[in-house]
Amino acid sequence: MAAAKSEPTRILVLGGGYVGLYTAYGLQKMLRANEASVTVVDPQPHMTYAPFLPEAAAGAIEPRHVVVPLRRVLKRCHVLTARVTKIENERKAVTVEAADGHIETLNYDVLVVALGAVARILPIPGLAEQGIAFKTIGEAIYLRNHIMTKLDEAASTLDPELRKRLLTFTVVGGGFAGIEALAELEDMTRFAVENYYPNIKPADIRWVMVEAAGRILPEVRETLGVYTVQQLEKRGIEVYLSTAAKSFENGHVVLSDGTEFDTDTIIWTAGVKANPVLAGSDLPLDKRGRVEATAAMQVVGHPDVWTAGDNAAIPDLSRTEQDPTATCPPNAQHAVRQARLLAKNIIKVIRGGQPKDYFHKNLGAVASLGLHKGVADALNLKIKGFPAWLFHRAYHLKAMPTWNRKIRILFDWMLGGLFRREVISLGQINNPKEEFNRASKG
C-alpha cells in the first residue's frame, strides 16, 4: 500500500456524520497535492450534531444551526448525495443510489465505513404507523410543529375526549436521546400554555415516559438516574420503569403493566442498531451487526478498510483489563475523537507508517433536562441543576463543528435569554400543499 502509484489513492468515506465529516476534514487538511482523492457519500448534504436536536425541537436553537453543510466544510473533497445500498470489499466496490434515483458503482483503494446507526424498531403493533424517531433534524422540526399543532387543535376542540388525546404525549426509551427530548419538549409545551393558551392549563398536558429497564440514563451513575426521575415526576411527567409497550395501534397505547391511554404523539427513542446495509456486506460483523475492528480502527482482516463510530466494534482499551470484550460505547464523545485519529492513521499507512491504537477514557456524560436544568456525571463529579445545564451547553458548544455554527448557536441562546423562546407552530410545513389543493378544488 505504501508503494508509489501513478494515480492518487482513492479514499471513499461512507457516511457524513461525526466520523465521516471529521475524518474527511482531517484528510483534506493533511493530504499532499495529488496524494489522494476523498469522496464522501451520505443521503443528506449535511452532518447533524445530534446532542442539540432536543433544543432545536424545543425552539432554543434555530434548526439550521445544528447541521453542518458538508460541501461548505469539505471543499477539497467530492461530496455525493446518495444512499449506500451494497458494500463488496472483495471487488473494492460500493453500490449507491444517488439523489436522482440512478444506481452507481464507486471503486476505491481505501474505504472508511462510517454509516452510523439507525433506529431499532421492534415488532410492536402500530409502532411503524404511529411512531416517529428522534435522530434527524427533519424529525426534530416535525415534532416541534406537530406538538404545537396539537396544542392549537386542543385549544379549539369542544370534545373533551379528543382534547385529552391531543394533549397526551408519549416518549418510549429512557436513554439520553429520550430523556433530553422529553424534558425539552415538556418545557416547551408548559411555557406555551402558560403564556399563550389561556384555555389550556399545564395540568391538562400529559407527558408519559416508558422504559423497559429498571432505570433511566444508564450512562450515568444510578443515583443520578434516580434524581432525574424525581425531577421529571415533580414536573408532572409520568415515568413507567420496568414497563414495556405492547401495542400502539390507532394511537391506543397498551403497556405491559395494564395501563392504557390514547395519544396522537409517540416518540420512539428505544435504542439503535448498526446500519442494516452492513449485514449484506462481506465485512466481518459482531453479534450486534457492527463491523469488527482493531484498536487502530482497521477492519479485522482488511487493512485497507477502516471504521469508527456507532457502526464499529472498536476495543475500549481503557476497560479491557476489567472486560477483555469491552468495546467503545456509541456516543459523540468517542466518535469525534476516533475520527480525528482515524484521519491521521490513514495518512500514516498511505505513507508507509504504522497506525496508532485508539485510547480514550470516558470523561463522563451530561444531559439537559430543559431550560436551566440538567444532570452531569463527569470527571468523577455529580453535578445537578443549573450548573449541570451550563456544563451541558459549554461542552457541546465546544464540540460543535466549525466556528460558524458555534457563534450562531451562541447568539441563539443570547437572543433566547433576551426575548424568551419561540413557540409558534409552523404546522403547514408538514403538509405544504394542503392550501394549494384546497384552492384547486374551489
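Residues numbered from 1 in each chain as written. Predicted model: local features only at pLDDT ≥ 70, side-chain atom pairs only at ≥ 80, totals over all residues. Heavy atoms only, no water.

The name given to the protein chain in an unreviewed UniProt entry is NAD(P)/FAD-dependent oxidoreductase, with the source organism recorded as Amycolatopsis albidoflavus. Comment text from UniProt for the protein chain, heading Sequence similarities (unreviewed entry), reads "Belongs to the NADH dehydrogenase family." (UniProt positions renumbered as here; feature names shortened; annotations may be inferred.)

Asker: How should the pairing of strand 7 (residues 103–107) be read in this particular structure?
Answerer: On any regular strand, side chains alternate: one points to one face of the sheet, the next to the other face. The pairing of strand 6 (residues 93–98) with strand 7 spans five bridges and is classified as antiparallel. When the sheet's bridge partners are listed, Ala93 is paired in strand 7 with Asn107. Counted between consecutive antiparallel strands, the loop separating strand 6 from strand 7 contains four residues, among which Gly101 sits at a positive phi close to 100°. (Pairing = 2+ DSSP bridges. Helix = DSSP H or I, 4+ residues; strand = E, 2+ residues; numbered from the N terminus.)

Asker: Looking at this structure, I do not really get unusual backbone geometry. What am I missing?
Answerer: Backbone geometry follows two general trends: most residues other than glycine have a negative phi, and most peptide bonds adopt the trans configuration. A positive phi angle, close to 50°, is found at Leu217, a residue other than glycine. Turning to its location among the elements, Leu217 is positioned in the loop between strand 12 (206–210) and helix 8 (222–234). Taking the relative accessible area as the measure of exposure, Leu217 reaches 0% and is therefore buried. At Asn250, a position not held by glycine, the phi torsion is positive, near 55°. Along the chain, the position of Asn250 falls in the loop between strand 14 (245–247) and strand 15 (252–255). Asn250 sits in the exposed class, given a relative accessible area of 63%. (Buried < 20%, exposed > 50% of the residue type's maximum accessible area, 1.4 Å probe, protein only.)

Asker: Would you take a moment to explain the pattern of salt bridges for this structure?
Answerer: Should their charged atoms come close, side chains of opposite charge can pair. Inspection of every chain in the model, using the stated rule, returns 22 salt bridges. For Asp109, the salt bridge is made with Arg10, and the minimal N-O distance between the two is 3.1 Å. Of this pair, Asp109 sits in the loop between strand 7 and strand 8 (110–113) while Arg10 sits in strand 1 (residues 9–14), and the two are 99 residues apart along the sequence. Among the residues examined, Asp109 registers a relative accessible area of 18% and is labelled buried. For Arg10, a relative accessible area of 37% translates into the label partly exposed. Asp286 serves as the salt-bridge partner of Arg290, at 2.9 Å between the closest nitrogen and oxygen. Given the relative accessible area of 7%, Arg290 is considered buried. Given a relative accessible area of 17%, Asp286 falls into the buried group. Ionic contacts of the salt-bridge type, sharing partners, join the residues Glu186, Asp187, Arg190, Arg235 and Lys373 into one network. (Salt bridge = Lys/Arg side-chain N within 4 Å of Asp/Glu carboxyl O.)

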